[in-house]
Amino acid sequence: MAQKAEIRSNLPVKIQTTLSNFWSMSLIFSTLMLLLRVAELLLIFKTHPIRISFRAVIGYSFYEDITWILYFLGLLFIFHLTNSLISVKFAKWFTRSWLVIALLVQTSLLFYFNKTFVPLGKDLFAYNVNDIILTVQSSGQLNSLSIGSGILVIFILFYIFHFSNKYLNFSLKTSISFTISTYWFVILFYFIPINDPEKFDETKANIQLNKSKYLSEQAFDYFAYTNEYYFDFYLRSSNEGLFIRKEYTDPVYPFLHQADYPDVLSPYFDSLSTAPDIVFVLIESLGKAYSGKDAYLGSFTPFLDSLEAHSLVWTNAISSTGRTFGVLPGVFAGLPYGERGFQELFEDFPNHRSLISILNDNDYESTFTIGSDVNFDHQKEFLEFSDVTQIIDIDDFDPKYSKMPPANGFTWGYGDKEIFNNGLKYFPRSSEKPQLGIFQTITSHDPYLVPEREFYSRKFEDHLENYLNLTEAKKAKYRDYQNIYMTILYADDAVKDFITTYSEKPEFANTIFVFTGDHRLPDIPMASRLDRFHVPVIIYSPLINKPTYFKGMISHFEITPSLLAFLQAQVGIELPQEDIWLGQVMDTSRVFQSQIAMPLMRNKNQLMEYVDGEYFLSDNQLFVISDGLNIDPIEDQNIKNKLTGQFEDFKNKNNYVVQTRKLLPTDN
């Protein structure tokens, strides 16, 4: 009788090989990810003098990393298993490639965070490729050395994962145990998450974040919910506890309203006989933390400090956005944000008015001066829509001026001193018409390469010693950010030269200057979530007869309505009957109070904060605001529900404007 042939199957071996391949690479990947965390923390604590201890962040940081590693591996395992049905070799290469990509992304994100001290989120998707390349070039990070190092690292990682498959083999039982444990912990972390009890400390929370996890969550939120709009807003009077009573007039145009914006500035000025010239100086990255009275880091703007004694000064002022993209729409028009900042609607701007266009209608001439490319962030389109009379940018400088020092061959353009010197050739345009001048600086921007470096190195040390009166021990934490502080000192000197030169002009006696920062720079660790928006606002003029410090909380949104009401009262300019300003008027209270309500856009695509009176909602957490714009967490569900409802109502109106472009009637 013939013997039966033995039936053999290679399925168990294939399963064992597939699982072993995956978990041998995953073990190496997990180890490298945790080593990256250690390297990240060491780099942060070496680079930044922060008040938090290494021990305080290490535990929750590893928790963040482990949860992300398990989530990532759990998802990748499904693809690995599916691909193995096609080919074990293909599955191995597919998984290996994604593990390398994940490590490179994590490395890039930690370097980005160490540079900016802000985790990269959905704001990544708000910029086009050219803007991203320009920004990376400006930071000095994109060069042949970094590119070559990246390529070398890729080869090394592939080599490591290849040998992990070759020499690190697991039995089927061990591999199955790894698989079951991974998904068990994923389910456990999902249903029983661990929260840091000090979650309100933004600096600590940002350090502890797994940067890849944060970016992936932000990306999912952006792509999953970007196109979901709900137009169930209602037209309610925004009057409770606010300065201005606004009566909304048309549900088709949800921001259109009638309002009586009172003149709050005239009591501090001499009576005007003719329309004054108005000059705005928008200083890049000028935060209140390091400028002016009570700057908690000490002031690095001695000239602006001296002007305060002759000015109207608001010590509790905020920008509308945490980046430069919002300064023009915020200061000059009090506009909603759109999806990624109002200027991103440039291809089909909703009809709107601004301080520029209204003054043009009242026989003003307007000039905008910047030392970089005015096309960046679509500022040019915004200015042209406002019918600015003249734009001077990087292409309009006298050949005698030199650009700022380059980083790897790239420079943003001309320094602040050159901006003012060149701009004064074009402004004022004439003495026959009143003038509006806007100067926007750029030097105090990453990569923070100051002109006249040797001079400002000495000035920086002298400033620490004789202006701030610091001990040698305290000087060390400032020297860690010397390049940044030198650009602030340089910007202040540029303003000093500008005012000194301008004061020799006959127009000076009838000119009103407005100084503010576009946002607080994030590179120096911030004290709170509101700190990034805390900026100086100073109105200086020879016409001021009662210089005063004000503690009433204001924002960039309040500047245009206040100036227009002042000019209407003083020289009778004509104003439209209906407005779309989001702001109130500048609060001249000598004690701290807040009578404003407004959303804040942290970065492009990140509409995450809302202020209503003395309450601040950020990332679904409620705070109370006090003098100095300090914030303290509170638990009050009624107030939180109120702010959440107002915030959602604004976002619905904002989304409606994005979709319909109905902001201001064209015949208005």
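**Thoughts on the overall build of the chain**
Thought 1: Of the regular secondary structure elements, the chain holds 18 helices and 17 strands.
Thought 2: What you see for the chain is a C-alpha radius of gyration of 28 Å, in line with the 26 Å of a compact globule of 668 residues.
Thought 3: In terms of its C-alpha atoms, the chain occupies a principal-axis envelope of roughly 125 × 60 × 45 Å.
Thought 4: Buried residues in the chain amount to 56% of all 668 residues.
Thought 5: When contacts within the chain are restricted to residue pairs at least 6 apart in sequence, those whose partners lie at least 24 apart make up 76%.
Thought 6: Charged side chains of the chain number 56 positive and 76 negative; the gap between the two group centres comes to 11 Å.

**Re the environment of Ile358**
Thought 1: Position of Ile358 among the secondary structure elements: in helix α11 (residues 355-361).
Thought 2: On the basis of relative accessibility, which here comes to 2%, the residue Ile358 falls in the buried class.
Thought 3: Spatially, the C-alpha atoms of Ile358 and Leu564 are 8.7 Å apart, while their sequence positions differ by 206 residues.
Thought 4: The residues contacting Ile358, other than those within four sequence positions of it, are Arg353, Leu564, Glu574, Leu575, Pro576 and Trp581.

**Details of the pairing of strand β15 (residues 615-618)**
Thought 1: Of the strand pairs in this sheet, strand β14 (residues 606-612) and β15 are connected by four bridges, and their pairing is antiparallel. Bridged to Glu609 within β15 is Ser618.
Thought 2: What sits between β14 and β15 in their antiparallel hairpin is a turn of two residues, with Gly613 showing a positive phi close to 60°.
Thought 3: Where β15 lies against strand β16 (residues 621-626), four bridges are found, and the strand directions are antiparallel. Bridge pairing links Phe616 to Phe623 in β16.

**Structural notes on the packing of aromatic side chains**
Thought 1: Throughout the structure, instances matching the rule amount to 52 aromatic pairs.
Thought 2: For the ring pair Trp314 and Phe550, a centre distance of 4.8 Å and an interplane angle of 40° mean the geometry is tilted. Residue Trp314 is located in strand β4 (residues 311-318), and its partner Phe550 is located in strand β10 (residues 548-550); the two are separated by 236 residues in the primary sequence.
Thought 3: Every member of this aromatic cluster is reached through a ring pair, and the members are Phe420, Phe427, Phe439, Phe498, Tyr502, Phe508, Phe513, Phe515 and Tyr540.
Thought 4: The residue whose ring lies beneath Arg96 is Trp93, and the NZ or CZ to ring-centre distance is 4.7 Å.
Thought 5: It is Lys211 that lies over the ring of Phe113; its NZ or CZ is 4.6 Å from the centre.

**Some words on helix α17 (residues 559-571)**
Thought 1: The terminal C-alpha atoms of α17 lie 18 Å apart, and with 13 residues this matches the ideal 18 Å at 1.5 Å per residue to within 8%.
Thought 2: Among the residues making up α17, those that are buried are Ile559, Thr560, Pro561, Ser562, Leu563, Leu564, Ala565, Phe566, Leu567 and Gln570.
Thought 3: Contact partners of the buried residues in α17: β3 (277-283), α10 (327-333), α11, β8 (511-517), β9 (534-540) and β11 (552-555).

**A word on the pattern of salt bridges**
Thought 1: What the rule picks out here adds up to 25 salt bridges.
Thought 2: Between Arg340 and Glu344 there is a salt bridge, with its nearest N and O atoms 3.8 Å apart.
Thought 3: Note that Asp627 is salt-bridged to Lys551, the shortest N-O span being 3.1 Å. Taken together, the residues Asp627 in the loop between β16 and β17 (630-633) and Lys551 in the loop between β10 and β11 connect sequence positions 76 residues apart.
Thought 4: A relative accessible area of 32% places Asp627 in the partly exposed class.
Thought 5: Residue Lys551 is classed as partly exposed on the basis of its relative accessible area of 33%.

**Let's talk about the sheet that holds β17**
Thought 1: Taken together, the five strands give an open sheet; going across it, the order is β13-β14-β15-β16-β17, and neighbouring strands pair in antiparallel fashion. Each edge of the open sheet is held by one strand with a lone partner, namely β13 (597-603) and β17. Taking each pair of neighbouring strands and ignoring which way they run, the sheet shows an average axis angle of 30°.
Thought 2: By the bridge criterion, six bridges tie β13 to β14 in an arrangement that is antiparallel. Bridge pairing in β14 places Met601 opposite Leu607.
Thought 3: In the packing of helix α18 (residues 637-660) onto the sheet, the strands contacted are β13, β14, β15 and β16, and the crossing angle to β14 comes to about 125°.

**Considerations on the packing of helix α14 (residues 453-467) against helix α15 (residues 472-479)**
Thought 1: At a minimum axis separation of 10 Å, α14 and α15 run at an interaxial angle of 140°. Here α14 lies oblique to α15, going by the angle between them. Where α14 crosses over α15, the two elements pack in a sense that is right-handed. Across from Phe460, Glu461, Leu464 and Glu465 in α14, the residues of α15 making contact are Lys475, Tyr478 and Arg479.
Thought 2: Broken down by class, the residue content of the contact of α14 with α15 amounts to three nonpolar, no polar and four charged.

**Concerning the side chain of Thr18**
Thought 1: Positionally, Thr18 belongs in helix α1 (residues 11-47).
Thought 2: Since its relative accessible area comes to 3%, Thr18 is described here as buried.
Thought 3: Sequence-distant contacts of Thr18, that is, excluding residues within four places in its chain, are made with His80, Leu81, Ser84 and Val88.

**Some thoughts on the pairing of β8**
Thought 1: Among the seven residues in β8, seven count as buried, and that is most of the element.
Thought 2: Because side chains alternate across β8, one face comprises the buried residues Thr511, Phe513, Phe515 and Gly517, and the other comprises Ile512, Val514 and Thr516, equally buried.
Thought 3: The pairing of β3 with β8 spans seven bridges and is parallel. In the sheet register, Phe280 faces β8, and the bridge partner there is Val514.
Thought 4: As defined by bridge partners, β8 adjoins β9 across four bridges and the pair is classed as antiparallel. In the strand pairing of β9, Val514 is matched with Ile539.

Thresholds applied
Residues numbered from 1 in each chain as written. Predicted model: local features only at pLDDT ≥ 70, side-chain atom pairs only at ≥ 80, totals over all residues. Heavy atoms only, no water. Helix = DSSP H or I, 4+ residues; strand = E, 2+ residues; numbered from the N terminus. Rg over C-alpha atoms; globule rule 2.2 N^0.38 Å. Buried < 20%, exposed > 50% of the residue type's maximum accessible area, 1.4 Å probe, protein only. Contact = heavy atoms within 4.5 Å. Lys, Arg positive; Asp, Glu negative; His and termini not counted. Charge placed at Lys NZ, Arg CZ, Asp CG, Glu CD. Pairing = 2+ DSSP bridges. Phe/Tyr/Trp six-rings, centres within 6.5 Å; stacked < 30°, edge-to-face > 60°. Lys NZ or Arg CZ within 6 Å of the ring centre and 35° of its normal. Expected span 1.5 Å × (residues − 1). Salt bridge = Lys/Arg side-chain N within 4 Å of Asp/Glu carboxyl O. Axes fitted to C-alpha atoms, helices over the stretch in contact; angles between N-to-C directions. Parallel < 35°, antiparallel > 145°, perpendicular 65-115°, else oblique. Left-handed = near helix turned anticlockwise from the far one by under 90°. Nonpolar A, V, L, I, M, F, W, Y, C, P; charged D, E, K, R; others polar.

By themselves, these figures tell us nothing about what the structure is for.
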